[in-house]
Amino acid sequence: MSTDLEQTGRDAIQQGSSSFAAAAALFGKETRADAEMLYAWCRYCDDVIDGQAMGHGASAVDPAALQATLNDLYAKTRAALAGETMDDPVFAAFQ
């Protein structure tokens, strides 16, 4: 597992949720890294749909574009699960 990907997850959980970060600290190193990377994917998808950054600063989201955005997230998630090469670190970490 790449340390860059682990750092992506760690950064996301530290910036996105102090309670999830505290809970993740209770896990062993490998489980913690996995939980942090899963959190990064969840936080990213939630923020994209809500027009936010790390759960804050919601912006208006074009309702007509929401389905396309959801389809894009779904396609990237399926590609990650299928083992395709991912350029986005959040989806690479999700793998």
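Scroll up a little and you will see the structure.
Source: prediction; values computed, not measured.

Description of helix H4 (residues 63-81)
Here's step 1: Along its 19 residues, H4 runs 27 Å from first to last C-alpha, staying within 8% of the 27 Å computed at 1.5 Å per residue.
Here's step 2: Along H4, the residues that are buried comprise Leu73, Thr77, Ala79 and Ala80. Viewed along the axis of H4, the buried residues span an arc of 160°, placing them on a single side of the element. Of the exposed residues in H4, the ones pointing more than 90 degrees away from its buried face are Ala64 and Tyr74.
Here's step 3: Contacts made by the buried residues of H4 are with helix H3 (29-50) and helix H5 (89-94).
Here's step 4: Directly after H4, the chain includes Gly83, whose backbone phi takes a positive value near 85°.

Considering the environment of Asp62
Here's step 1: With respect to the helices and strands, the residue Asp62 is situated in the loop between H3 and H4.
Here's step 2: Using a relative accessible area of 47% as the deciding quantity, one classes Asp62 as partly exposed.
Here's step 3: Between the C-alpha atom of Asp62 and that of Gly51, which follows or precedes it by 11 residues, the distance is 9.4 Å.

Brief notes about H3
Every α-helical turn comprises 3.6 residues, leaving residues that sit three or four positions apart pointing alike.
Here's step 1: Taking 1.5 Å of rise per residue, 22 residues should cover 32 Å, and H3 covers 31 Å from first to last C-alpha, within 8% of that figure.
Here's step 2: Buried residues of H3: Ala33, Glu36, Met37, Tyr39, Ala40, Trp41, Arg43, Cys45 and Asp47, and no others.
Here's step 3: Immediately beyond the C-terminal end of H3, within one or two residues, lies Gly51, with a positive phi of roughly 70°.

Reading the values: the criteria
Residues numbered from 1 in each chain as written. Predicted model: local features only at pLDDT ≥ 70, side-chain atom pairs only at ≥ 80, totals over all residues. Heavy atoms only, no water. Helix = DSSP H or I, 4+ residues; strand = E, 2+ residues; numbered from the N terminus. Expected span 1.5 Å × (residues − 1). Buried < 20%, exposed > 50% of the residue type's maximum accessible area, 1.4 Å probe, protein only. Arc of directions from axis to C-beta. Contact = heavy atoms within 4.5 Å.

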